[in-house]
Amino acid sequence: MYRTELRKKKKRRRRRLILIPIFLIIFCTIGYGAYLTFKLVNATDNSVEELQRGEKSELRTEKIDVNEDNFSVLFIGVDAREGEKVSRSDALILATFNKEDKSVKMVSIPRDSYVEIPERGMDKINHAHAYGGVDLAVKSVENLFDVPVDHYVRVDFKAFIDIVDALGGVKVDVPKTFAVQDSRDRQDAITLHEGNQLLDGEEALAFVRMRKQDPTGDIGRGERQRQVIKAIIEKGSKFSSITKYDDVIDGLDGNIQMDLNFKEIVGLHGYAGEINKIDALELKGENSNNGVFYYMLDQTSVYEISNSLKAHLDLENHNNEASSEAIQVDDTSY
């Protein structure tokens, strides 16, 4: 009888010893999560800047809720130097998000694309940001695809470098060996070798910016941009990256501008696990150089991508099949 009671007491003590570290882990995890949440809220509040148009695109009948509706986001990469008040966009990526299957469609818009910039006329699309900031960049993309841009995220190169470094680098497939300048414009400061590579922030930036040494020009550049974005999402969504979020948030603070609030950012989390459902669309065209370099968009490609994005957003009156009658391509207008 005495031995039985003694054994029971020992088992209870062992259970307590096992439970104590479990409770400590849970407590620390909750505490760290609360700390990160508080820090992210502050960083988000510091970054939020509404568009002049207000909360709703002119192509929408009502405001979109990212937690309930399909929506689109324009990602704008800007090479803004310290003290610069205006700058051209270096990367424009429009992404649409479908709530039913948590899928994402993504199209990179070549920076030299010859498009109509509202109230400015025909010009390179990367000039829109220099002329009228985020608002004009958003209007120009809406005008190009006839698709509403519900939200935007504007990131400068410092944030990009800091985020990649905070995650411990990203793995990409480098198509060819090349040497390029770094973020401080030092020529041939970075050499990337062909094959699968783990890139740090500076190297990843060089990877997405290089285009002159790519035989496919801006098309290849767009493919590399999408590859890095996928790599960042994939690595950032892994459980092993949780301890790195503190540094990631530090990289964002002060280096990002957007019109998404904290609740809306949390709503995007459901898409992070569907990395394989990101469908990259290619905007076709050809180079033109008559004293000024332009990328002349194939209007059929623009039309097809427009319909694909509209269908993904489940917009009314979208046309899933390109109609030759609806497309009048006049090469002489260029």
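About the criteria used
- Residues numbered from 1 in each chain as written.
- Predicted model: local features only at pLDDT ≥ 70, side-chain atom pairs only at ≥ 80, totals over all residues.
- Heavy atoms only, no water.
- Pairing = 2+ DSSP bridges.
- Helix = DSSP H or I, 4+ residues; strand = E, 2+ residues; numbered from the N terminus.
- Axes fitted to C-alpha atoms, helices over the stretch in contact; angles between N-to-C directions.
- pLDDT = per-residue confidence, 0-100.
- Contact = heavy atoms within 4.5 Å.
- Buried < 20%, exposed > 50% of the residue type's maximum accessible area, 1.4 Å probe, protein only.
- Salt bridge = Lys/Arg side-chain N within 4 Å of Asp/Glu carboxyl O.
- Polar contact = N/O pair within 3.5 Å; in protein donor to acceptor, adjacent residues only side chain to side chain.
- Expected span 1.5 Å × (residues − 1).
- Parallel < 35°, antiparallel > 145°, perpendicular 65-115°, else oblique.
- Left-handed = near helix turned anticlockwise from the far one by under 90°.
- 1 Å grid on protein atoms, 1.4 Å probe; cavity = no way out; pocket = protein on both sides within 12 Å on 5 of 7 lines; lining within 4 Å.
- Points joined across faces, edges and corners; volume = space filled by probe spheres on them.
- Nonpolar A, V, L, I, M, F, W, Y, C, P; charged D, E, K, R; others polar.

Pairing is mixed across the open sheet formed by six strands, whose spatial order is 11-6-1-2-3-12. Each edge of the open sheet is held by one strand with a lone partner, namely strand 11 (256-258) and strand 12 (278-281). The sheet shows a mean angle of 20° between the axes of neighbouring strands, direction not considered. Two elements, strand 6 (residues 151-156) and strand 11, share three bridges in a ladder whose sense is antiparallel. Along strand 11, the bridge assignment pairs Val-153 with Met-258.

Quick look at the confidence of the model for the protein chain now. Should the pLDDT be low somewhere, the predicted coordinates at that spot are not to be read in detail. Residues at a pLDDT of 70 or more form 72% of the protein chain, whose mean pLDDT is 78. Of all helices and strands in the protein chain, the one with the weakest mean pLDDT is helix 1 (residues 2-47) (50), whereas helix 9 (residues 299-313) scores best (97). Across residues 15-38, confidence stays below pLDDT 50; counting only partners more than four residues off in sequence or on other chains, it has ten contacts. Counting contacts from residues 318-334, a segment whose pLDDT is below 50, to residues more than four positions away or on other chains yields 21 contacts.

A regular strand places its side chains so that they alternate between the two faces of the sheet. Counted residue by residue, strand 1 (residues 71-78) has seven buried out of eight residues, so it is predominantly covered. Where strand 1 and strand 2 (residues 89-98) come together, eight bridges link them in antiparallel fashion. Bridging from a neighbouring strand, Gly-77 pairs with Ala-91 of strand 2. Alignment of strand 1 against strand 6, held across six bridges, turns out to be parallel. When the bridges of strand 6 are listed, Ile-76 appears paired with Arg-154.

Bringing the pattern of salt bridges into the picture now. Counted under the stated rule, the structure contains eleven salt bridges. The partner of Arg-53 in a salt bridge is Glu-142, and the shortest N-O contact between them spans 3.4 Å. Pair noted here: Arg-53 is in the loop between helix 1 and strand 1 and Glu-142 is in helix 2 (residues 127-145), with a separation of 89 residues, a long-range link. The exposure class of Arg-53 is partly exposed, given its relative accessible area of 24%. Since its relative accessible area comes to 11%, Glu-142 is described here as buried. The partner of Lys-99 in a salt bridge is Glu-100, and the shortest N-O contact between them spans 2.6 Å. Exposure remark for Lys-99: the relative accessible area of 32% places this residue in the partly exposed category.

Along the chain, Gln-257 turns up in strand 11. A polar atom in the side chain of Gln-257 sits 2.9 Å from the side chain of Tyr-152. The residues contacting Gln-257, other than those within four sequence positions of it, are Ser-47, Glu-49, Val-134, Tyr-152, Val-153 and Arg-154.

We now examine helix 9. Helix length check: helix 9 (15 residues) gives 21 Å between terminal C-alpha atoms against 21 Å at 1.5 Å per residue, within 8%. Within helix 9, burial applies to Ser-301, Val-302, Ile-305, Ser-306, Asn-307, Leu-309, Lys-310, His-312 and Leu-313. Each element contacted by the buried residues of helix 9 is listed here: strand 1, strand 2, strand 3 (103-108), helix 2, strand 12 and strand 14 (293-297). Regarding helix 9, its N-cap is Asp-298, as a side-chain oxygen of that residue lies 2.9 Å from the backbone nitrogen of Thr-300 further along. Phi turns positive, to about 60°, at Asp-314, one or two residues after helix 9.

So, on to the packing of helix 3 (residues 157-166) against helix 4 (residues 201-209). Two numbers describe how helix 3 lies on helix 4: the axes approach to 7 Å, and their chain directions differ by 125°. As summarised for this structure, helix 3 and helix 4 are arranged oblique, according to the angle between their axes. Note on packing geometry: the crossing formed by helix 3 with helix 4 is right-handed. Within the contact between the two elements, helix 3 uses Phe-157, Phe-160, Ile-161, Val-164 and Asp-165 and helix 4 uses Gly-201, Glu-202, Ala-204, Leu-205, Val-208 and Arg-209.

Before going further, it helps to spend a moment on helix 4. Burial within helix 4 is extensive, with seven of its nine residues counted as buried. Within helix 4, burial applies to Gly-201, Ala-204, Leu-205, Ala-206, Phe-207, Val-208 and Arg-209. The backbone nitrogen of Glu-202 lies 3.3 Å from a side-chain oxygen of the residue at the head of helix 4, namely Asp-200.

Another point: empty space enclosed by the protein. Tallied over the full model, the rule gives two cavities of 30 Å³ or more. In this structure, the largest cavity spans a volume of roughly 120 Å³. Elements supplying a minimum of two residues to the lining of the largest cavity: strand 2 and helix 5 (218-236). Ranked by the residues each element gives to the lining of the largest cavity, the list is headed by helix 5, at seven residues. The residue makeup of the lining of the largest cavity, split by class, is seven nonpolar, three polar and seven charged. Here the residues of the lining of the second largest cavity are counted per class, giving one nonpolar, one polar and four charged.

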